[in-house]
Amino acid sequence: GAVVSQHPSWVICKSGTSVKIECRSLDFQATTMFWYRQFPKQSLMLMATSNEGSKATYEQGVEKDKFLINHASLTLSTLTVTSAHPEDSSFYICSAPRLGGFNEKLFFGSGTQLSVL
Amino acid sequence: GQQVMQIPQYQHVQEGEDFTTYCNSSTTLSNIQWYKQRPGGHPVFLIQLVKSGEVKKQKRLTFQFGEAKKNSSLHITATQTTDVGTYFCAEPSMDSNYQLIWGAGTKLIIKP
């Protein structure tokens, strides 16, 4: 299967700082990357869809100025949580379809546990 | 809007007992996918069902897709500790060809 590498695995930061999360497709080119947020004991909530070379598409209720997504290459997408606050503490996880086609299975990164103090 | 209902939220079983989780959609589906997320881990793809009435097996796991392609189930026979985790179904979004709509997940818990 395809490999998606996500870093860091966990991060603790002070309120007001910014945190960047990287997601790399190691053995395929990801034209599309999905960013999810998952609260404890809950399902995956899609935050945004990033497309290589174009602006990300954000889901309703997700602040695009707070959650900056950059997909500058076919193997790297980044999510930056700007001016993080305790309510942003969550598990963030990226995923991508290998071929970028319809109804494809998704390959997930290992996730980033963000704790904002 | 499009919804997928997954039940139960939790299932506690003794090791060796069976486990089943069900998903029901508000729409007729082209396909449905199943994923497993171990505690502290990330979702891992298990299978995709496409055909009406399809039944697929992976060792002790049996996946079914309803005749009307609106519901699906995952059944695990004789659970083992390695089966612990949360099982999610996911269906294609009607609004986007690339996105998935996720069920709430069913957490399999093995009683000590």
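Let me sum up the structure you'll find in this document. As the structure is a prediction and not an experimental result, all values here were calculated from the model. Numbers given to residues run from 1 along each chain, matching the order in which its sequence is written. Chains carry letters from A onward and ligands carry numbers from 1 onward, assigned in written order. This being a predicted model, a pLDDT of at least 70 is required before a residue's local features are given, and a value of 80 or more before pairs of side-chain atoms are given or counted; all residues contribute to the totals for chains, interfaces and linings. To get the side-chain values, all heavy atoms of the structure are used, and hydrogens and water are removed first.

## Focus on the packing of aromatic side chains
Under the pairing criterion, centres of Phe, Tyr and Trp rings, with the six-membered ring standing for Trp, must be within 6.5 Å; the plane angle then separates stacked pairs below 30 degrees from edge-to-face pairs above 60, leaving the rest tilted. For the structure shown, the criterion picks out 10 aromatic pairs over all chains. Plain terms: the ring middles of Phe 19 of chain B and Tyr 87 of chain B are 5.5 Å apart, the flat faces sit at 45° to each other, and that makes the pair tilted. Linking Phe 19 of chain B in strand 3 (residues 19-25) with Tyr 87 of chain B in strand 9 (residues 85-92), this pair joins segments that are 68 residues apart in sequence. A single burial state applies to Phe 19 of chain B and to Tyr 87 of chain B, both of which are buried. With 6.1 Å between their ring centres and 85° between their planes, Phe 88 of chain B and Trp 102 of chain B make a pair best called edge-to-face. A residue pair is termed long-range when its members are at least 10 positions apart, and Phe 88 of chain B in strand 9 and Trp 102 of chain B in strand 10 (residues 100-102) qualify at 14 residues. For Trp 102 of chain B, a relative accessible area of 10% corresponds to the buried category. Through a chain of ring-to-ring contacts, three or more aromatic side chains come together here, namely Tyr 36 and Phe 108 of chain A together with Tyr 35, Phe 45, Phe 88 and Trp 102 of chain B. A run of H or I in DSSP becomes a helix once it reaches four residues, and a run of E becomes a strand once it reaches two; helices and strands are each numbered from the N terminus. Under the scheme applied here, a residue whose accessible area is under 20% of the maximum for its type counts as buried, over 50% as exposed, and between as partly exposed, the area being computed with a 1.4 Å probe on protein chains only.

## A look at the state of the cysteines
For the purposes of this analysis, a disulfide is any pair of cysteine sulfur atoms at a distance within 2.5 Å. Scanning the entire structure with this criterion turns up two disulfides over all chains. Disulfide pairing is shown between Cys 23 of chain A and Cys 94 of chain A; the S-S distance is 1.6 Å. Measuring the twist about the S-S bond at about 65°, one finds the Cys 23 of chain A-Cys 94 of chain A disulfide to be right-handed. Here Cys 94 of chain A lies in strand 9 (residues 90-97) and Cys 23 of chain A lies in strand 3 (residues 19-25), a separation of 71 residues in the sequence. Look at Cys 94 of chain A and you get buried, because its relative accessible area is 0%. Here Cys 23 of chain B engages in a disulfide with Cys 89 of chain B; their sulfurs sit 1.9 Å apart. Around the S-S axis, the bridge from Cys 23 of chain B to Cys 89 of chain B shows a dihedral of about -95° and counts as left-handed. Taken together, the positions of Cys 23 of chain B in strand 3 and Cys 89 of chain B in strand 9 put the pair 66 residues apart, joining distant regions of the chain. When sorted by exposure, Cys 23 of chain B lands in the same class as Cys 89 of chain B, which is buried.

## Quick look at the sheet that holds strand 8 (residues 76-81) of chain A
Strands in a sheet are paired, the pairing made by backbone hydrogen bonds, and the direction either parallel or antiparallel. All names here are of chain A. When DSSP locates at least two bridges between a pair of strands, those strands are taken to pair. Across the sheet, four strands lie side by side as 1-3-8-7; this open sheet has antiparallel pairing. Of all the strands in the sheet, the pair left with one neighbour each is strand 1 (4-7) and strand 7 (67-73). For this sheet, the mean angle separating the axes of adjacent strands, direction not counted, is 15°. Where strand 1 lies against strand 3, four bridges are found, and the strand directions are antiparallel. When the sheet's bridge partners are listed, Ser 5 is paired in strand 3 with Arg 24. Every angle, taken between N-to-C directions, lies between 0 and 180 degrees, and every axis is a line fitted to C-alpha atoms, over only the stretch in contact when it is a helix.

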